[in-house]
Amino acid sequence: MASTAPTAAPLRRALRGRAPGLRAERALWDSGAGVVAGVDEVGRGSWAGPLTVAAVVADPGRRIYKVRDSKMLTAAERETLHDRIRAWARAVSVGHATVDECTELGMADAQRLAARRAVDGLGLDVDHVLVDGKWDFLASRGDSEEDDAERDGRPGVTTIVRGDASSLSIASASVVAKVTRDRLMVAAAQRYPAYWFASNKGYPCPRHIAALAAWGPCAIHRRRWVFMDDLRWSGVPRVLPPPEDAHPQLFPTPPGPAVATGGRL
């Protein structure tokens, strides 16, 4: 019977020889980490829609070709590779922070929330996570590398600058996150056609800016963002963050029997 697995288009010449590999993953496997997940996010700089984080656990016994950082690929290439990655990987999970969560928590804590959801959704006991960039957005607010007691029970984390170009797990996560969120924004465009979400995916562009000037924000716009300051004439106020001492707790510690609780979660 002929295979029905998606076949990637021939790789463009500009992308040849730039493939991410498994060097970081193999070093961790060799050190005893059985389950290593690559994590990447998309949507942090968008004006509308969710923030999306994907987690991918590579299968060391299988190969996959032509995966690249999602930013280097065309939309058609990403769509093809998305399905191939899901068929190849040992586990794939996607976590979102909703527009309301981005507004209520702020972007840093919303990204932490989406990342935790993605890793927890893998359904595996993850030993180590590879994160694209310099920031460990899996750590809780106030965590430090020396705070071992606080980190007990959570996977180790390695941050890799430009990890989506060097780590196959992270590059795969970048593709899955991008395709998943793009599909959500294309669906949103059918409900909010004035904002051209199918093409801009919620990011600023001339058409998006013009639509905001004409119509104001819709229900999936992030109303804490600074672009709202230019829409005061519309009567829709910008949502300002709470004072630092009133910041919502993303993962509050359950109180002991003699500890009183207070504040807002």
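As the structure is a prediction and not an experimental result, all values here were calculated from the model.

Caption draft 1: Region of interest: the side chain of Asp182. As for its placement among the helices and strands, Asp182 is situated in helix H7 (residues 168-191). With sequence-adjacent residues up to four places away left out, Asp182 is seen in contact with Arg78 and Lys201.

Caption draft 2: How the structure looks around the packing of aromatic side chains. According to the stated counting rule, one finds two aromatic pairs in the structure shown. Here the aromatic rings of Tyr195 and Phe197 are separated by 5.5 Å at their centres, their planes lie at 15°, and the arrangement is stacked. Judged by relative accessible area, which is 0%, Phe197 ranks as buried. The lysine or arginine in question, Arg207, covers the ring of Trp196, its NZ or CZ lying 3.8 Å from the ring centre.

Caption draft 3: Region of the structure containing the environment of Ser70. Topologically, Ser70 is positioned in the loop between strand E2 (51-57) and helix H2 (75-88). The class for Ser70 is buried, based on a relative accessible area of 8%. Sequence-wise, Ser70 and Lys178 are 108 residues apart; in three dimensions their C-alpha atoms are separated by 7.0 Å. Those residues in contact with Ser70 that sit more than four places away from it in its chain are Arg78, Ser174, Val175 and Lys178.

Caption draft 4: Focus on the pattern of salt bridges. Across all of its chains, the model carries eight salt bridges by this definition. Close ionic contact of Arg117 with Glu101 constitutes a salt bridge, the shortest N to O distance being 2.8 Å. Separated by 16 residues along the polypeptide, Arg117 in helix H4 (residues 107-120) and Glu101 in helix H3 (residues 99-105) bring together distant segments of the chain. According to the relative accessible area criterion, Arg117 is partly exposed, its value standing at 35%. For Glu101, a relative accessible area of 19% corresponds to the buried category. Note that Arg112 is salt-bridged to Asp109, the shortest N-O span being 2.4 Å.

Caption draft 5: How the structure looks around the pairing of strand E3 (residues 91-97). Of all seven residues in E3, five are buried; the element is thus mostly enclosed. Relative to E3, E2 runs antiparallel, the two sharing seven bridges. Each residue of the ladder has a partner; that of Leu51, found in E3, is Ala97.

Caption draft 6: Representation of unusual backbone geometry within the structure. Phi at Trp196 takes a positive value of approximately 60°, unusual for a residue other than glycine. Along the chain, the position of Trp196 falls in the loop between H7 and helix H8 (197-200).

Caption draft 7: Looking closely at H2. In this model, H2 (14 residues) spans 20 Å end to end at C-alpha, consistent with the 20 Å of a helix rising 1.5 Å per residue. Taken residue by residue, H2 has Glu77, Arg78, Leu81, His82, Arg84, Ile85 and Trp88 as its buried positions. In the core, the buried residues of H2 are packed alongside E2, E3 and H7.

Caption draft 8: Representation of the sheet that holds strand E4 (residues 128-132) within the structure. The five strands lie next to each other as E3-E2-E1-E4-E5, forming an open sheet whose pairing is mixed. The two strands at the open ends of the sheet, each matched to only one other strand, are E3 and strand E5 (156-160). Adjacent strand axes in the sheet meet at a mean angle of 20°, parallel and antiparallel pairs treated alike. For E4 and E5, the ladder comprises five bridges, and the chain directions are parallel. The residue of E5 that forms the bridge with Leu130 is Thr158.

Caption draft 9: The arrangement of H7 in detail. Taking 1.5 Å per residue as the helical rise, H7 with its 24 residues ought to reach 34 Å, and the 36 Å between its terminal C-alpha atoms agrees with that figure. Burial analysis of H7 places 18 of its 24 residues in the buried class, which makes it a mostly covered element.

Caption draft 10: Structural context of the side chain of Ser169. Along the chain, Ser169 turns up in helix H7. Taking the relative accessible area as the measure of exposure, Ser169 reaches 0% and is therefore buried. Apart from the residues within four sequence positions on either side, Ser169 is in contact with Glu25, Gly38, Val56 and Ala58.

Caption draft 11: Just the confidence of the model for the protein, in detail. The predicted model of the protein averages 82 in pLDDT, with 75% of residues at 70 or higher. The least confident element of the protein is helix H5 (residues 148-151), whose mean pLDDT is 45; the most confident is E3, at 98. Here residues 144-150 is a poorly scored stretch, pLDDT under 50, and it has three contacts once near neighbours within four places are set aside; other chains count. In the predicted structure, residues 250-265 sits below a pLDDT of 50 and forms 15 contacts with residues beyond four places in sequence or in another chain.

Conventions we followed
The residue numbering used here restarts from 1 in each chain and proceeds along that chain's sequence as written. Where local features are concerned, this predicted model is filtered to residues with pLDDT of at least 70; where side-chain atom pairs are given and counted, the filter is 80 or more; whole-chain, interface and lining totals use all residues. Excluded from the side-chain calculations are hydrogens and water; all other atoms, namely the structure's heavy atoms, are used. For helices the rule is a DSSP run of H or I covering at least 4 residues; for strands it is a run of E covering at least 2, with both sets numbered from the N terminus onward. By definition in these notes, contact holds between two residues if any of their heavy atoms fall within 4.5 Å. In this scheme Phe, Tyr and Trp rings, the latter by its six-membered ring, pair at centre separations within 6.5 Å, and the angle between planes marks the pair as stacked below 30 degrees, edge-to-face above 60, and tilted otherwise. Buried residues are those whose accessible area, probed at 1.4 Å on protein chains only, stays under 20% of the maximum for their type, while exposed residues exceed 50% and partly exposed ones sit between those limits. The rule is short: NZ of Lys or CZ of Arg within 6 Å of the ring centre and within 35 degrees of the ring normal puts a charge over the ring. Salt bridges are counted wherever a side-chain nitrogen of Lys or Arg sits within 4 Å of a carboxyl oxygen of Asp or Glu. Strands are treated as partners if at least two bridges between them are detected by DSSP. Take the residue count of a helix, subtract one, and multiply by 1.5 Å to get its expected span. In this analysis, axes come from line fits to C-alpha atoms, helices being fitted only over the stretch in contact, and the angle between any two N-to-C directions falls in the range 0 to 180 degrees. Scored from 0 to 100, pLDDT records how confident the predictor is in each individual residue.

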